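Given next are the chains, with one letter for each unit.
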Amino acid sequence: MNGKVAAGRALPGKGPAGKTPGRQAVREHTYQWEGRDRSGKTVRGEMRAGGTAVVSTTLRRQGVLVTKVKKRSYSRGRKITDKDITLFTRQLATMMRAGVPLLQAFDIVAKGTENGSVARLFIDIKGDIETGTALSEAFRKYPLYFDPLFCNLVGAGEQAGILDDLLDRLAVYKEKMQAIRGKIKSAMTYPIGVVVVATVVVAVIMLKVIPAFKSVFESFGASLPAPTMIVIAMSDFVVEYWYLLFGTVFGSIYFFFQAWRRSAAVQTAMDRLLLQLPVFGSVLRKATIARWLRTLSTMFAAGVPLVEALDSVGRAAGNNVYLTATRRIQQEVSTGTSLTIAMQNAGVFPNMVMQMAAIGEESGSLDQMLGRSAEIYEREVDEAVASLSSLLEPIIMAFLGVVIGGLVIAMYLPIFKMGQVV
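Residues numbered from 1 in each chain as written. Predicted model: local features only at pLDDT ≥ 70, side-chain atom pairs only at ≥ 80, totals over all residues. Heavy atoms only, no water.

A. Broad picture of the overall build of the protein. Helix and strand counts for the protein come out as 15 helices and three strands. Per-residue burial over the protein gives 38% buried out of 422 residues. Here the contacts in the protein between residues at least 6 apart in sequence split such that 61% fall between residues at least 24 apart. Accessible area of the protein: about 23,800 Å², with a carbon and sulfur share of 59%. (Helix = DSSP H or I, 4+ residues; strand = E, 2+ residues; numbered from the N terminus. Buried < 20%, exposed > 50% of the residue type's maximum accessible area, 1.4 Å probe, protein only. Contact = heavy atoms within 4.5 Å. Areas by Shrake-Rupley, 256 points an atom, 1.4 Å probe, with all protein chains shown as cover.)

Structure representation (structure tokens):
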């Protein structure tokens, strides 16, 4: 049994609900209460209010004798991730399709999560909805978690009266996007991890192991093989200038990321370079095209006009090359050019995609044809990641063998030479 404070009547010289202009609104919290109704039965519930006194007064008006009121506390929780938002979207879509009221759905999601940060977020959104704010507008207050595409689709569902259907489409879309990002990360994590470990091992060998061998070899008084001399010279350089080497490497990485974050030109150049990489470029290009097609298909199926939908499509692609191409497509489409011709002029889409788009425009089923194209590229991403993983393993093992094994062999050559002499 929950209650809600009624809006106060405006008084002369004051703002809405009797608030003095310029005074900050009272911050509401969630309170858990317990009491007895008129029949003496024990009842419990939750209420958002500005304080315990407001809770007691409101419940007293409803005929409830309050015996206990306490502010609901949430654990600090971890950072809210895109995975949390994707799970919430699926849960909300499922409950809306099942006929669960919107406010009750938010309650269920908030109570069911183990992340206190997520629970607080949904309780705050529920509080906004209780005051009459539309769902899409409540989401717009949290742009860190709900992007314009998310809010636009929810708003379109509210206006058309098909919120449950749009939430289901949005849940499918976010699940597809998360799956693609997960596959790309899994393909990149293994080689990056191996390179990092190999770098640490080489640094330890250069700084600790080779100097110990050097002192032993100096006591022999004999000439050393050329590979051993080269490795010892490299080790001497690293030992003497290690601070300069590490400072240069980490400083370069830091300044690169700063430039990448602040400069659109650097981002575009890097995105173009990534798409041209010999092994990873093909996977990244397919994943980008799949995201582009899936986003446009979802928004067009939701009834969002094509020119307006392209605003969100470019940003969702996650690549500045395709963002620039999408803006060009949007400009041409707004002047009356067909989507297929505009995509062909952009020069970043394969023939298969443009043919599917042309068939969709001619048959009036553009959203379906774009969705099928997205499915094709999503499957190709799956296959490419699987083959990439099997291809990278022997390459990485050969790399480690050449680098680490070469250093070890170079240091043991004098020992082998001594054994032959003896």
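Read on, since the account is not over.
B. Representation of the packing of helix H6 (residues 148-160) against helix H11 (residues 306-317) in the model. For the pair H6 and H11, interaxial distance at closest approach is 9 Å and the crossing angle is 145 degrees. Judged by the sense of rotation from one axis to the other, the crossing of H6 with H11 is left-handed. On H11, the residues that touch Pro148, Leu149 and Asn152 of H6 are Ser312, Arg315 and Ala316. Broken down by class, the residue content of the contact of H6 with H11 amounts to three nonpolar, two polar and one charged. (Axes fitted to C-alpha atoms, helices over the stretch in contact; angles between N-to-C directions. Left-handed = near helix turned anticlockwise from the far one by under 90°. Nonpolar A, V, L, I, M, F, W, Y, C, P; charged D, E, K, R; others polar.)

C. Just the packing of aromatic side chains, in detail. Going through the model one piece at a time under the given rule, you end up with 17 aromatic pairs. Considering the side-chain rings of Tyr322 and Phe349, the 5.6 Å spacing of their centres and the 80 degrees angle between planes classify their relative orientation as edge-to-face. With Tyr322 in helix H12 (residues 320-334) and Phe349 in the loop between helix H13 (339-346) and helix H14 (351-363), this pair connects stretches of sequence that are 27 residues apart. Owing to a relative accessible area of 0%, Tyr322 belongs among the buried residues under this scheme. A residue is classified by how much of its surface remains accessible, and Phe349, at 8% relative accessible area, is buried. Three or more aromatic residues joined by ring pairs make a cluster, and in this case those are Phe88, Phe106, Phe122, Phe139, Phe146 and Phe150. (Phe/Tyr/Trp six-rings, centres within 6.5 Å; stacked < 30°, edge-to-face > 60°.)

D. Spotlight on the pattern of salt bridges. Tallied over the full model, the rule gives 16 salt bridges. Its salt-bridge partner being Glu380, residue Lys286 comes within 3.7 Å of it at the nearest N-O pair. Here the residue Lys286 occupies a position in helix H10 (residues 280-301), and Glu380 occupies one in helix H15 (residues 366-421), the gap between them amounting to 94 residues. Owing to a relative accessible area of 27%, Glu380 belongs among the partly exposed residues under this scheme. Within this structure, Arg90, Arg97, Asp165, Asp168, Arg169 and Glu175 form a network of salt bridges that share partners. (Salt bridge = Lys/Arg side-chain N within 4 Å of Asp/Glu carboxyl O.)

E. Local environment of the nonpolar core. Grouped together as the largest cluster of nonpolar side chains are 81 residues, with contacts concentrated most on Phe122, Ile125, Phe139, Phe146, Trp292 and Ile329. Considering every element that reaches this core, the biggest residue donor is helix H7 (residues 163-220), with 11 residues. If near-sequence neighbours (up to four positions away) are discounted, Phe139 is found in contact with Phe88, Phe106, Ile125, Phe146, Phe150, Cys151 and Val154. Among the nonpolar cores identified, the runner-up in size contains 12 residues, and Ile210, Phe213, Ile404 and Met411 belong to it. (Core = buried A, V, L, I, M, F, W, Y, C linked by side-chain atoms within 4.5 Å.)

F. Fine view of the environment of Glu378. Residue placement: Glu378 occurs in helix H15. With relative accessibility at 9%, the residue Glu378 sits in the buried group. A distance of 3.0 Å separates a polar atom in the side chain of Glu378 from a polar atom in the side chain of Arg294. (Polar contact = N/O pair within 3.5 Å; in protein donor to acceptor, adjacent residues only side chain to side chain.)

G. Representation of H6. Taking 1.5 Å as the rise per residue, H6 with 13 residues should run 18 Å; its terminal C-alpha atoms sit 18 Å apart, in good agreement. Looking at H6, one finds that the buried residues are Leu149, Phe150, Cys151, Leu153, Val154, Gly155, Ala156 and Gly157. Directly after H6, the chain includes Gly161, whose backbone phi takes a positive value near 75 degrees. (Expected span 1.5 Å × (residues − 1).)

H. Focus on the environment of Val69. Along the chain, Val69 falls in strand E3 (residues 65-71). Residues contacting Val69, with those up to four places away along its chain left out, are Tyr31, Gln32, Trp33, Thr52, Val55 and Ser56.

I. How the structure looks around H12. Between its first and last C-alpha, H12 extends 21 Å over 15 residues, near the 21 Å set by a 1.5 Å rise per residue. Looking at H12, one finds that the buried residues are Asn320, Val321, Tyr322, Leu323, Ala325, Thr326, Ile329, Gln330, Glu332 and Val333. Buried residues along H12 sit in contact with helix H9 (264-275), H10, H11 and H13. Taking the backbone nitrogen of Val321 as reference, a side-chain oxygen 2.9 Å away marks Asn319 as the first, capping residue of H12. Backbone geometry just after H12 places Gly336 at a positive phi near 105 degrees.

J. Here's a closer look at the packing of H9 against H12. Running from N to C, H9 and H12 cross one another at 110 degrees; their axes reach a closest spacing of 7 Å. When the interaxial angle is binned, H9 and H12 end up roughly perpendicular. Only Asn320, Val321 and Tyr322 of H12 make contact with H9, whose side of the interface consists of Ala264, Gln267, Thr268, Asp271, Arg272 and Leu275. Partitioned by chemical class, the residues of the contact of H9 with H12 number four nonpolar, three polar and two charged. (Parallel < 35°, antiparallel > 145°, perpendicular 65-115°, else oblique.)

K. A look at the confidence of the model for the protein. Across the protein, pLDDT averages 81, with 89% of residues at or above 70. Here strand E2 (residues 42-49) stands out as the least confident element of the protein, with mean pLDDT 75; H13 is the most confident, with 91. The low-confidence segment residues 1-25 (pLDDT under 50) makes 33 contacts with residues lying over four places distant or belonging to another chain. (pLDDT = per-residue confidence, 0-100.)

L. Region of interest: the side chain of Ser235. On the secondary structure map, Ser235 appears in helix H8 (residues 226-262). Among the polar contacts listed, one links the side chain of Ser235 to the backbone oxygen of Met206, at a separation of 2.7 Å. Each residue touching Ser235, except ones within four places of it in the same chain, is listed here: Met206, Ile210 and Pro211.

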